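Coordinate analysis (summary)
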Protein chains: 2
Amino acid sequence: MHNLPDLTLNQYSLVYNFLSLTIAAMLAGFVFFVLARQSLAERYRFSMVVSALVVGIAGYHYFRIFNNWHDSYHLVGGLGGNYVATEVPFNDLYRYVDWFLTVPLLMVELVHVMKVERGVRGSLMTKLVIAAALMIALGYPGQNTDSNAVRALWGTLSTLPFVYLLYVLWTEVGKTMAVEPPQVAVLLRNLRLLTLATWGFYPIAYMAPFFGLKGAGSEVFTQVGYSIADITAKVGYGVMIFAIAKYKSGNVEAEDEAARRNVAGSSVAGSPVRSA
Amino acid sequence: MHNLPDLTLNQYSLVYNFLSLTIAAMLAGFVFFVLARQSLAERYRFSMVVSALVVGIAGYHYFRIFNNWHDSYHLVGGLGGNYVATEVPFNDLYRYVDWFLTVPLLMVELVHVMKVERGVRGSLMTKLVIAAALMIALGYPGQNTDSNAVRALWGTLSTLPFVYLLYVLWTEVGKTMAVEPPQVAVLLRNLRLLTLATWGFYPIAYMAPFFGLKGAGSEVFTQVGYSIADITAKVGYGVMIFAIAKYKSGNVEAEDEAARRNVAGSSVAGSPVRSA
């Protein structure tokens, strides 16, 4: 929790509207993942269940953040005036609670649509889930302090699982890309880029106090940035997982169809011989 | 956000009831699209998922607008009195957030039921989605200002993607109409007219301040007009997409049936030859 700067009407309402946009995007994502699940082959549906959990959890937290933002400010001086902090503190940590649940689930989604050997899948998922949960848990004490030294300590500790996570993602997704059809490889490459681009925002926002960034502009930038990063990293990410799963579902049907034809073909080809 | 004029009891309650009507229409649309999806051929169901997202997102925003309207006015002087603005500002921008998400999705719906070659589909959809998002994003700063000059600037910028969008829609839908069966061509023509008629309202409402339109009558006209336009452009539009998809689903079955008969027919026709 930190002291909230005074905001102009436009600044306040930009954040307000972005928070509301995020709720709407998460709700829409939830509906999409639940409904779109049925157009996938059975074995890929689980990834949409997990995607729905992620945006459902995020939608809940953004609902809380939105209400908190609303309660933490009041308008002083009418429409020509400013938004000034009330006595209600703004809880920065809703987002940590959200990430603590959702980032490990994003890893589960990813591994689920990757071509990984059955024996390796479980251990890969465990490693990624633990690293993701550690990364968020270690960031929490650093976010919740006014001391730059404490923030730097926990920030550094949190960076270790973060780097490990990126390393594993890079090497494992790279391996998968080599054995998938080109269309899936492109989707996986884009997914990896999206992850890197959006995840890059979080440490920047975390380190803002080191650069002496505070005041109205910094507050608006952070809130809007988090909203965009969360929409992209959750809804956008899930839609890309859907695209991968959809493509692979088509292949599943084609493969099953081919298998069925082989069986039918061999029996047809075989019968004349037998009848002869 | 703008200063709200005093309203008579009838004026206030006309807007109030239209906002409530819109929530009901969006919810009903949501249920319809989710349920009606199952009566379509597999390949057209996605258009109903997107329709459901559109009215779901709009329903969420109208719920917020409705509550905001309720909080922004209070009755002074009992049933013979007037509705007077409270200190709670009325957030005009919920609608922009809504359109930013829903107008691109309306484009996705449309392209999905159009007869477009597979290679062209992706690029057409990308063009339309980007133009739609740009159109709304560029309108936002102009809506959120008291200066007519600033409003004119952003309004003009926003008009460029708007005109581009209408041009692409006109030419591409025209091409599709030429190759579709007459019944589908009529539905597409009506859809195009509906789009033009409803979308025409938004720039008119946007430009109202240039004509010196303010006060109670203008406020009521704008709110009721937006509500009607949003119901038509989202629920009405989705129902027309459903009608197109339904007609085409019948054809899909007929085509598949014909294909199946041909296969059966040829093997029946073929067997005497073999047995002979």
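**Digging into the environment of A:Ser227**
Residue and element names in this part refer to chain A. Looking at the element boundaries, Ser227 is found in helix α8 (residues 216-275). When neighbours within four sequence positions are excluded, Ser227 is seen to be in contact with Phe18, Leu19, Thr22, Tyr62 and Arg95. Among the polar contacts listed, one links the side chain of Ser227 to the backbone oxygen of Gln223, at a separation of 2.9 Å.

**Comments concerning the relation of the copies chain B and chain A**
If you rotate chain B by 72 degrees and push it 0.9 Å along the axis, it lands on chain A with an RMSD of 0.1 Å. Taken together, the rotation and translation relating the two chain copies correspond to the operation of a five-fold axis.

**A word on the interface of chain B and chain A**
At the interface, 24 residues of chain B touch 23 residues of chain A. Our count for the contact surface shared by chain B and chain A stands at zero salt bridges. At the boundary of chain B and chain A, one finds five residue pairs in polar contact (both at pLDDT 80 or more). Elements represented by at least two residues in the side of chain B that touches chain A include exactly α1 (9-36), α2 (45-72) and α3 (94-113) of chain B. A total of seven residues in the side of chain B that touches chain A trace back to one element, the largest contributor, which is α2(B). In terms of residue class, the side of chain B that touches chain A is made up of 15 nonpolar, five polar and four charged.

**Quick look at a nonpolar patch on the surface**
Residues and elements named next belong to chain A. On the surface, Val97, Phe100, Leu101 and Tyr140 cluster together into a nonpolar patch covering about 350 Å² of accessible area. Here the nonpolar patch gets three residues from one element, more than from any other, and that element is helix α3 (residues 94-113). Tracing the chain through its elements places Tyr140 in helix α4 (residues 118-143). Tyr140 sits in the partly exposed class, given a relative accessible area of 36%.

**Details of the packing of aromatic side chains**
All names here are of chain A. Enumeration over the complete set of coordinates arrives at 38 aromatic pairs over all chains. Arranged with centres 5.6 Å apart and planes meeting at 75 degrees, the rings of Tyr12 and Tyr73 form a pair that is edge-to-face. In this pair, Tyr12 is assigned in helix α1 (residues 9-36) and Tyr73 in strand β2 (residues 73-76), connecting sequence segments 61 residues apart. With relative accessibility at 3%, the residue Tyr73 sits in the buried group. Here Arg192 stacks its cationic end above the ring of Trp170, 3.9 Å away from the centre of that ring.

**Remarks on the nonpolar core**
The biggest cluster of nonpolar side chains holds 174 residues, and the ones touching the most others in it are A:Trp69, A:Met107, A:Trp199, B:Met107 and B:Trp199. The biggest single contributor to this core is α1(A), with 16 residues. Look past the residues within four positions of B:Trp199 in its chain and what remains in contact with it is B:Val103, B:Met107, B:Met135, B:Phe162, B:Leu165 and B:Ala233.

**Quick notes on the packing of helix α2 (residues 45-72) of chain A against α3(A)**
Residues and elements named next belong to chain A. Running from N to C, α2 and α3 cross one another at 165 degrees; their axes reach a closest spacing of 9 Å. Relative to α3, the element α2 is oriented roughly antiparallel. Remark: the crossing between α2 and α3 carries left-handed chirality. Of the residues that constitute the contact of α2 with α3, the class distribution is 15 nonpolar, six polar and four charged.

**Quick look at the sheet that holds strand β1 (residues 7-8) of chain A**
Pairing between sheet strands relies on hydrogen bonds along the backbone, with the strands arranged either parallel or antiparallel. All names here are of chain A. If you walk across this open sheet you meet the three strands as β1-β3-β2, and the pairing is antiparallel. Two strands in the sheet have a free side with no partner beyond their single neighbour: β1 and β2. Sheet analysis places β2 next to strand β3 (residues 82-85), joined by four bridges and oriented antiparallel. Across the sheet, the residue bridging to Tyr73 is Ala85, located in β3. Together, β1, β2 and β3 form the strand contacts of α2, whose direction differs from that of β2 by roughly 40 degrees.

**Notes on the confidence of the model for chain A**
All names here are of chain A. With 91% of its residues at a pLDDT of at least 70, chain A reaches an overall mean of 87. Scored below 50 in pLDDT, residues 267-276 shows zero contacts in the model against residues more than four places distant or in partner chains. The complex prediction reports pTM at 0.87, with the ipTM value standing at 0.84.

**A closer look at the pattern of salt bridges**
Tallied over the entire structure, the rule returns ten salt bridges over all chains. B:Glu42 serves as the salt-bridge partner of B:Arg45, at 3.6 Å between the closest nitrogen and oxygen. Given the relative accessible area of 28%, B:Arg45 is considered partly exposed. You can call B:Glu42 partly exposed: its relative accessible area is 46%. Between B:Glu172 and B:Lys175 there is a salt bridge, with the nearest N and O atoms lying 3.2 Å from each other. Of this pair, B:Glu172 and B:Lys175 both sit in helix α5 (residues 148-179), separated by three residues, roughly a single helical turn. For B:Glu172, a relative accessible area of 18% puts it in the buried group. Note on B:Lys175: relative accessible area 53%, which makes it exposed. Among the ionic contacts, a cluster of salt bridges with common partners joins A:Asp98, A:Asp230 and A:Lys234.

**What about the packing of α1(A) against α3(B)?**
At their nearest, the axes of α1(A) and α3(B) sit 10 Å apart, and the two run at 40 degrees to each other. Judged by the angle between their axes, α1(A) and α3(B) are oblique. The hand of the α1(A)/α3(B) crossing is right-handed. Where α1(A) approaches α3(B), its residues A:Tyr16, A:Asn17, A:Ser20, A:Leu21, A:Ala24 and A:Ala25 are matched on the opposing element by B:Tyr94, B:Val97, B:Phe100 and B:Leu101. Considering only residue class, the contact of α1(A) with α3(B) consists of eight nonpolar, two polar and no charged.

**Concerning the side chain of B:His112**
Residue and element names in this part refer to chain B. Position of His112 relative to the elements: it lies in helix α3. We classify His112 as buried; its relative accessible area is 18%. One polar contact links the side chain of His112 to the main-chain carbonyl oxygen of Arg43, over a distance of 3.1 Å. Residue contacts for His112: discarding those within four places in its chain leaves Arg43, Tyr44, Phe46, Ser47, Arg121 and Met125.

**A short note on the environment of A:Phe46**
Residues and elements named next belong to chain A. Looking at where Phe46 falls in the secondary structure, it is placed in helix α2. Taking the relative accessible area as the measure of exposure, Phe46 reaches 43% and is therefore partly exposed. Taking C-alpha positions, Phe46 is 9.7 Å from Val108, a pair spaced 62 residues apart along the chain. With near-sequence residues (within four places) excluded, Phe46 lies in contact with Val108 and His112.

The rules behind the values
- Along each chain, residue indices are assigned from 1 in the same order as the chain's sequence is written.
- Chains carry letters from A onward and ligands carry numbers from 1 onward, assigned in written order.
- This being a predicted model, a pLDDT of at least 70 is required before a residue's local features are given, and a value of 80 or more before pairs of side-chain atoms are given or counted; all residues contribute to the totals for chains, interfaces and linings.
- Excluded from the side-chain calculations are hydrogens and water; all other atoms, namely the structure's heavy atoms, are used.
- Secondary structure elements follow DSSP: runs of H or I no shorter than four residues count as helices, runs of E no shorter than two count as strands, and numbering proceeds from the N terminus.
- We call two residues in contact whenever any of their non-hydrogen atoms come within 4.5 Å of each other.
- Nitrogen and oxygen atoms within 3.5 Å of one another constitute a polar contact, given that in protein one can donate a hydrogen and the other can accept it, and given that sequence-neighbouring residues count only through two side-chain atoms.
- Overlaid copies result from least-squares superposition on C-alpha atoms, with residues included only where pLDDT is at least 70 in both.
- By salt bridge we mean one thing: a side-chain nitrogen of Lys or Arg within 4 Å of a carboxyl oxygen of Asp or Glu.
- In this count, Pro and Cys sit with the nonpolar residues alongside Ala, Val, Leu, Ile, Met, Phe, Trp and Tyr, while Asp, Glu, Lys and Arg are called charged and the others, Gly among them, polar.
- Without a salt bridge and with relative accessible area above 30%, a residue can belong to a patch; like charges are then joined within 9 Å and nonpolar side chains (Val, Leu, Ile, Met, Phe, Trp, Tyr) within 5 Å.
- In short, Shrake-Rupley with a 1.4 Å probe defines the accessible areas, and a residue's cover is counted only from the protein chains shown.
- Between buried and exposed lies partly exposed: a residue is buried under 20% and exposed over 50% of the maximum accessible area for its type, with that area taken using a 1.4 Å probe on protein chains only.
- Classification of ring pairs uses Phe, Tyr and Trp, with its six-membered ring standing for Trp, and accepts pairs whose centres are within 6.5 Å; under 30 degrees between planes counts as stacked, over 60 as edge-to-face, and the remaining range as tilted.
- Both a distance and an angle decide whether a charge sits over a ring: NZ of Lys or CZ of Arg must be within 6 Å of the ring centre and within 35 degrees of the ring normal.
- Buried residues of nine kinds, namely Ala, Val, Leu, Ile, Met, Phe, Trp, Tyr and Cys, make up a nonpolar core once their side-chain atoms join them within 4.5 Å.
- Each axis is a line fitted through C-alpha atoms, taken for helices only over the stretch in contact, and angles between the N-to-C directions span 0 to 180 degrees.
- Any angle from 65 to 115 degrees is called roughly perpendicular, while one under 35 is roughly parallel, one over 145 is roughly antiparallel, and all others are oblique.
- Two helices that cross are described as forming a left-handed crossing if the nearer one is turned anticlockwise from the farther one by less than a right angle, and a right-handed crossing if clockwise.
- Two strands pair if DSSP finds at least two bridges between them.
- A score between 0 and 100, pLDDT records how confident the predictor is in each residue.

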